[in-house]
Amino acid sequence: MTVKLAPHAAIAAQSRGRRHPEPPPKGRTAFQRDRDRIVHSTAFRRLEYKTQVFVNHEGDLFRTRLTHTLEVAQIGRSVARHLGLDEDLTEAITLAHDLGHTPFGHSGQDALNACMKPYGGFEHNLQSLRVVDVLEQRYAAFDGLNLTFETREGILKHCSIANAHRLDDVGERFLRRQRPGLEAQVANLADEIAYNNHDVDDGLRSGLVSLEQLATVSIFQRHMRATLKAYPRIDQRRLVHETVRRMIDTVITDLMRESARKLREHEPRNIDEVRKLPAIIGFSPAMQKEQAELKRFLRTHLYRHYRVSRMSSKARRIITDLFQAFIAEPDLLPPEFQTRAREDAPRAIADYIAGMTDRYAAIEHRRLFSVEIA
Ligand code: MG
């Protein structure tokens, strides 16, 4: 089945290709193959036990990095299809976007970055690319997943100039100050839409944020009021879901409308023209303002809540302890990482730690630091 794509879409048959040339897949496009390889990867399965905001043991219903990823993919696909873009490429990018994330969410990433400061730093976005380019070892003919240029370009959302110089063709756009294709731009915004909205839901579920507090945020207030007006006797759980559902709908509709307007304004004829233009996929100015307000609220009331901070502080200590123990004694690393540590010990240690799930990191910490005497 061939879907008619817009001229500004990424065209699978015209992909810039893979680092290790392979015959084209049968019965699916190059981007579908990328997506399938990502789903089959080890790093993808690990997302289930990695923190988004709430650590896995805090409750069964909070988002994990896996369910977050699935929500991003679903939003990304809807937007991509609406704009005539390649849905499979968008899906591949969204499914891979957090593969390089450390255990324990952002505090884990910050701690590992601090440990790696003298050795070139650690950035989860760059690590996602490293996972698909190097770290996955499943195929006989090459390391990594050997994905297409377009998927790799989308995974590398941002990158410092210093790192861009060290990378191959995916680093070039940062030196030329160019944008990635539209599928990548959609994936990026889908990530933002997913976490802003599911963090509202998880924040309320956890009790760290109250409805009264959220009612001070204009987009939430507007949709909560409309829901209450239509359903005055609605119970609280449904009120939250209905409000969040309406928020997501408004935000996505705004994104589609504004992006379609920019496409009409610039009329890019192909993906290379897209790359040279300013960002096409984005919110209207009014929606940007509302999203910024929501983000500020979440930062102050949820991400910096003392109960979240306690967990982040514990996570920082676990990551830092592990890193220091391995740097002092690389012999403590599992054999496959010892081999790589002989070339570049700090990077091998960062790869090992970044690949851990929350619970694996906690167990490894206990193994190294606690002596249990019966
Ligand atoms: Mg994400």
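Residues numbered from 1 in each chain as written. Predicted model: local features only at pLDDT ≥ 70, side-chain atom pairs only at ≥ 80, totals over all residues. Heavy atoms only, no water.

## A few points about the coordination of the magnesium ion
Protein-derived coordination of the magnesium ion comes from H68 (NE2), H97 (NE2), D98 (OD) and D191 (OD), at a distance range of 2.1 to 2.6 Å. Sequence positions of the residues that donate to the magnesium ion give the spacing H-x28-H-D-x92-D. Of this pair, H68 sits in helix α3 (residues 65-82) while D191 sits in helix α10 (residues 182-206), placing them 123 residues apart in sequence. Comparing H68 with D191, the two get one shared label, buried. (Donors = N, O, S within 2.8 Å, 3.2 Å for Na, K, Ca; no water. Helix = DSSP H or I, 4+ residues; strand = E, 2+ residues; numbered from the N terminus. Buried < 20%, exposed > 50% of the residue type's maximum accessible area, 1.4 Å probe, protein only.)

## Details of unusual backbone geometry
Residues other than glycine seldom take positive phi values, yet N146 does so here, at roughly 50 degrees. Turning to its location among the elements, N146 is positioned in the loop between α6 (124-135) and α7 (149-155). N146 gets classed as buried once you look at its relative accessible area, which sits at 4%. Look at R177: it is not a glycine, yet its phi comes out positive at around 55 degrees. Tracing the backbone shows R177 in the loop between α9 (172-176) and α10.

## Examining the domain arrangement of the chain
Once the domains are mapped, the chain shows domain 1 (29-310) and domain 2 (311-369). Computed from C-alpha atoms alone, the centre-to-centre distance between domain 1 and domain 2 is 27 Å. Facing the 30 residues of domain 1 at the interface are 24 residues of domain 2. Carbon and sulfur atoms supply 63% of the area buried between domain 1 and domain 2, which totals about 2300 Å² over both sides. Between D351 and R130 there is a salt bridge; the shortest N-O distance is 2.6 Å. Between the two partners, domain 1 and domain 2, sit 17 residue pairs in polar contact (both at pLDDT 80 or more). Those elements that place two or more of their residues in the side of domain 1 that touches domain 2 are α5 (105-116), α6 and α16 (306-328). Among the elements that line the side of domain 1 that touches domain 2, the one with the most residues is α5, at 6 residues. Split by residue class, the side of domain 1 that touches domain 2 holds 12 nonpolar, 12 polar and 6 charged. (Domains from an automatic or database assignment. Contact = heavy atoms within 4.5 Å. Buried area = accessible area lost by both parts, 1.4 Å probe. Salt bridge = Lys/Arg side-chain N within 4 Å of Asp/Glu carboxyl O. Polar contact = N/O pair within 3.5 Å; in protein donor to acceptor, adjacent residues only side chain to side chain. Nonpolar A, V, L, I, M, F, W, Y, C, P; charged D, E, K, R; others polar.)

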